[in-house]
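Chains, contacts and geometry: an overview
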Amino acid sequence: MPLSTDGPWLDDAAGRLIRPYTVSGGRTRPTAALDLLTLVISTGTAPQPHFGPEHTQAVGLCAGPVSVAEIAAQLRLPVTVAKVLLSDLVECGAITARTPERFHPTDRLLLEAVLDGLRRQL
């Protein structure tokens, strides 16, 4: 059974060889307030030595600002598990997290810009 080199503990035929809750130590809730659009970036501080390889991979993916959703996709983990890992990294200072500015869907200029973009696609 060959192991894939593009992800942690993956088998080409079977997929992930360990359960996602094992990666997060059985935890299902992050300690930091993170949503899908939260941007995370590495601070240059190394993660704690007791963290797993997924933590190290996550820090490597955070060289520039990247969303929580993108990190979860790159790690091939459920978003909840990725949030737990990222909150560990926030707590130890290896990454910082910034919630994006909220937009107001009733903003006329924004809605017109979206409509113009959609029209150009057709």
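Residues numbered from 1 in each chain as written. Predicted model: local features only at pLDDT ≥ 70, side-chain atom pairs only at ≥ 80, totals over all residues. Heavy atoms only, no water.

Direction of pairing for strand β3 (residues 39–42) relative to strand β4 (residues 66–67): antiparallel, over a ladder of two bridges. Residue pairing across strands places L39 opposite S67, the latter belonging to β4. When β3 meets strand β5 (residues 95–98), the two strands line up antiparallel, connected through four bridges. When the sheet's bridge partners are listed, I41 is paired in β5 with T96. (Pairing = 2+ DSSP bridges. Helix = DSSP H or I, 4+ residues; strand = E, 2+ residues; numbered from the N terminus.)

This part takes up the sheet that holds β5. Pairing within the open sheet is antiparallel, and its three strands lie in the order β4-β3-β5. The open sheet has two edge strands, β4 and β5, and neither has a second partner.

Below, the discussion takes up the packing of helix α2 (residues 53–61) against helix α3 (residues 68–75). Two elements in contact, α2 and α3, have axes whose closest approach is 10 Å; the angle formed by their N-to-C orientations is 130°. Between α2 and α3, the angle falls in the class oblique. Where α2 crosses over α3, the handedness of that crossing is right-handed. Contacts between α2 and α3 pair E54, Q57, A58 and L61 from the former with I71, Q74 and L75 from the latter. Counted by class, the contact of α2 with α3 contains four nonpolar, two polar and one charged residues. (Axes fitted to C-alpha atoms, helices over the stretch in contact; angles between N-to-C directions. Parallel < 35°, antiparallel > 145°, perpendicular 65-115°, else oblique. Left-handed = near helix turned anticlockwise from the far one by under 90°. Contact = heavy atoms within 4.5 Å. Nonpolar A, V, L, I, M, F, W, Y, C, P; charged D, E, K, R; others polar.)

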